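Structure assessment
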Amino acid sequence: MNKVEFKDATLPKYSELRPFCEGLAAVKNRNNLWGFINKKGEEVIACQFTSVGDFSERLAAVKNKDNLWGYINKKGWPYANLCASNGTFLEPIIPRRLG
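Residues numbered from 1 in each chain as written. Predicted model: local features only at pLDDT ≥ 70, side-chain atom pairs only at ≥ 80, totals over all residues. Heavy atoms only, no water.

Topic: the packing of aromatic side chains
Evaluation of the coordinates by the stated rule reveals one aromatic pair. Judged by centre distance (4.8 Å) and plane angle (65 degrees), the ring pair of Phe-36 and Phe-55 falls under edge-to-face. One end of the pair, Phe-36, is in strand β3 (residues 34–37); the other, Phe-55, is in the loop between β5 (51–52) and β6 (60–63), with 19 residues separating them in the sequence. Here Arg-18 stacks its cationic end above the ring of Trp-34, 4.3 Å away from the centre of that ring. Taking the ring centre of Phe-20 as reference, the NZ or CZ of Lys-39 above it sits at 5.8 Å. (Phe/Tyr/Trp six-rings, centres within 6.5 Å; stacked < 30°, edge-to-face > 60°. Helix = DSSP H or I, 4+ residues; strand = E, 2+ residues; numbered from the N terminus. Lys NZ or Arg CZ within 6 Å of the ring centre and 35° of its normal.)

Written out as structure tokens, the structure reads:
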């Protein structure tokens, strides 16, 4: 089992904490937005998503405030184009930040 060290202010900042996957854990803040922290408790991807999946093979599915899904890498950069929940792609594949 990996030891995880958190700063004192980390846990009260989040209302929900998921298990670590590939070194990052999804967290939900008090505004019900999701982001990711590392094992030091540092927020490495800002809480800006309304829903997230866990990282798998270096990618995580995320849903932005416009209700569109996409994938991000561990730096928070989009990997694939956004799509609606019905699977319709809405944008060309151009790297840009989601949010």
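Here the narrative resumes, following the displayed structure.
A look at the confidence of the model for the chain
Per-residue pLDDT for the chain has a mean of 81; in total, 69% of the residues score no lower than 70. Averaged pLDDT values for the elements of the chain fall to 67 in helix α1 (residues 10–13) and rise to 98 in β3. (pLDDT = per-residue confidence, 0-100.)

Focus: the pairing of strand β2 (residues 25–29)
The buried fraction of β2 is high, at five of five residues. Of the two faces of β2, the one carrying Ala-25, Val-27 and Asn-29 and the one carrying Ala-26 and Lys-28 are both buried. Examined bridge by bridge, strand β1 (residues 14–17) and β2 share three bridges and lie antiparallel to one another. When the bridges of β2 are listed, Glu-16 appears paired with Lys-28. (Buried < 20%, exposed > 50% of the residue type's maximum accessible area, 1.4 Å probe, protein only. Pairing = 2+ DSSP bridges.)

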